[in-house]
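Notes for the structure review
Read off the chains here:
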Amino acid sequence: MSLLWRDRIQVFFAPDQINIVGMSRGIKPVQRFRQSSICMQNTDAVQWQAPLQLLEQMIGQIYDDSGSAGIRRGAELHVTLSNHFVRYGVIAPQPALANPDELMAFASFQMREIYGERIDDWTLSLSTWDPCRGALCAAVALDLLAGFEALGQRYPIKLKQIEPYLATALDHWSRELDSKHLWFALIEPGRFCLTVLLDNQWRCVRNQRVVQNFEEELLAALEQEIIVLGPRESAKQVYVFAPELSEWKLTSDQGWQFLRLPDEGKRSAPVHFPLPGSADNRAEPCIA
């Protein structure tokens, strides 16, 4: 089967939910199904164990239904990881770096400065590197990646891509956002991720657990970053993607203007992302 025609299974993987969308590929891809399941956490296990077990059950059900889901064997598996499972860092511009090996060594050094010896149990990946712009670095537990790879061995699927939620969202709306001056906040139940791009350079990425009130804590984070990064003129607008929290009324506060995505005239969110308001009746995950 040609890769151009390979079916695709798109997954949103979070501590408290799994979304799966099956796409039948062709000249015009067709959505065959969409399934969502709530995940109950086991406090005695690692944070990704319960959702990984749930994902395996859901994939098994797809192929146990004798093809009723309409997805052929050999489908590509594309996974978007909730920011609960990812740690980030900004890799400063380094025009002197000569090759990819030097770049990864520098990124590893930078991440070790932030997170210490924990990075020995993580795998690192970088956004598109520009020596004058820098990059964002994402770290994911090696054990979690091994769990996804094992799925590809037990079921007739091919693990094609694992990408952080922040990266997927930024890529999706990249053509519609200001690439020179961008403040972007991605909000999930119990966590927000804030990243800043100023003068074409990555300046900040903050992946923060929400302790009490996410509106207050997000505003505090914005104020802290503007003190570090420069004049308020560089932060007139903050793009926000918070699909699960429909009750949050975005209003200008303390000089910040919030623009919620997807906005009128902008692309809709990827089909496997959380549905609007899907967390309103769901408890927030307790993830450190």
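Bear in mind the structure is a predicted one, so any value in this text is a computation, not a measurement.

1. As for the overall build of the chain
Looking only at helices and strands, the chain features 5 helices and 13 strands. Looking at the 288 residues of the chain, the share that counts as buried comes to 49%. Of all intrachain contacts in the chain linking residues separated by at least 6 positions in sequence, the fraction that spans at least 24 positions is 61%. About 14,500 Å² of surface is accessible on the chain, with carbon and sulfur atoms providing 48% of the total.

2. With respect to the sheet that holds strand β5 (residues 87–91)
In spatial order, the strands read β5-β7-β6; together these 3 strands make up an open sheet with antiparallel pairing. The strands lining the two open edges of the sheet, one partner per strand, are β5 and β6 (122–126). Here the strands of the sheet are splayed against their neighbours by 25 degrees on average, with no regard to which way each runs. In this structure, β6 lies alongside strand β7 (residues 135–141), joined through 5 bridges in antiparallel fashion. Bridging from a neighbouring strand, Ser125 pairs with Ala138 of β7. Packed onto the sheet, helix α2 (residues 100–115) meets β5, β6 and β7 and runs at close to 120 degrees relative to β5. Contacting β6 and β7, helix α3 (residues 142–154) crosses the sheet at an angle of about 75 degrees to β7.

3. Considering the pairing of strand β11 (residues 201–209)
Judged from the 8 bridges that link them, strand β10 (residues 191–198) and β11 form a sheet pairing that is antiparallel. Across the sheet, residue Leu194 finds its bridge partner in β11, namely Arg206.

4. Brief notes about the environment of Leu103
Topologically, Leu103 is positioned in helix α2. Placed 12 residues apart in sequence, Leu103 and Ile91 show a C-alpha to C-alpha distance of 9.3 Å. Not counting chain neighbours up to four residues away, the residues in contact with Leu103 comprise Leu97, Leu126 and Trp129.

5. What to know about the nonpolar core
Counting residues in hydrophobic clusters, the biggest one holds 52 residues, and the most contacted among them are Phe13, Ile20 and Phe184. A total of 8 residues in this core trace back to one element, the largest contributor, which is helix α1 (residues 49–64). Ranked by size, the runner-up nonpolar core spans 23 residues in total, among them Ala185, Ala221, Leu222 and Ile226.

6. Things to note about the packing of aromatic side chains
All chains considered together, the criterion is met by 10 aromatic pairs. Aromatic side chains Phe13 and Phe148 sit 5.1 Å apart centroid to centroid with 75 degrees between the ring planes, which places their arrangement in the edge-to-face category. Note that Phe13 is positioned in strand β1 (residues 8–13) and Phe148 in helix α3, a separation of 135 residues in sequence. Given the relative accessible area of 0%, Phe13 is considered buried. Judged by its relative accessible area of 0%, Phe148 falls in the buried class. Here the aromatic residues Phe12, Tyr165, Trp173, Phe241 and Phe273 are joined through ring pairs into a cluster of three or more.

7. Some remarks on helix α4 (residues 165–172)
Where burial is concerned, most of α4 is hidden: 6 out of the 8 residues are buried. Tyr165, Leu166, Thr168, Ala169, Leu170 and His172 are the residues of α4 that are buried.

8. Topic: the sheet that holds strand β12 (residues 237–241)
Ordered in space as β11-β10-β9-β12-β13, the 5 strands form an open sheet in which the pairing is mixed. Strand pairing shows two members of the sheet lacking a second neighbour, β11 and β13 (257–261), which therefore form its edges. Between one strand axis and the next, the sheet turns through 20 degrees on average, direction left out of account. By the bridge criterion, 5 bridges tie β12 to β13 in an arrangement that is parallel. Among the inter-strand pairings, Phe241 is bridged to a residue of β13, identified as Leu261. Helix-sheet contacts for α4 involve β9 (181–188), β10, β11 and β12, and the interaxial angle to β9 is about 130 degrees. Packed onto the sheet, helix α5 (residues 214–229) meets β9, β10, β11, β12 and β13 and runs at close to 150 degrees relative to β11.

9. Looking at the pattern of salt bridges
For the structure on display, the rule yields 4 salt bridges. Among the salt bridges present, the one from Asp7 reaches Arg72, with a minimum N-O distance of 2.9 Å. Of this pair, Asp7 sits in the segment before β1 while Arg72 sits in the loop between α1 and β4 (75–81); the two residues are 65 residues apart in sequence, bridging distant segments of the chain. For Arg206, the salt bridge goes to Glu225, with nearest N and O atoms at 2.8 Å.

Parameters and conventions
- Residues numbered from 1 in each chain as written.
- Predicted model: local features only at pLDDT ≥ 70, side-chain atom pairs only at ≥ 80, totals over all residues.
- Heavy atoms only, no water.
- Helix = DSSP H or I, 4+ residues; strand = E, 2+ residues; numbered from the N terminus.
- Buried < 20%, exposed > 50% of the residue type's maximum accessible area, 1.4 Å probe, protein only.
- Contact = heavy atoms within 4.5 Å.
- Areas by Shrake-Rupley, 256 points an atom, 1.4 Å probe, with all protein chains shown as cover.
- Pairing = 2+ DSSP bridges.
- Axes fitted to C-alpha atoms, helices over the stretch in contact; angles between N-to-C directions.
- Core = buried A, V, L, I, M, F, W, Y, C linked by side-chain atoms within 4.5 Å.
- Phe/Tyr/Trp six-rings, centres within 6.5 Å; stacked < 30°, edge-to-face > 60°.
- Salt bridge = Lys/Arg side-chain N within 4 Å of Asp/Glu carboxyl O.

Purely geometric stuff here, so don't read any function into it on its own.
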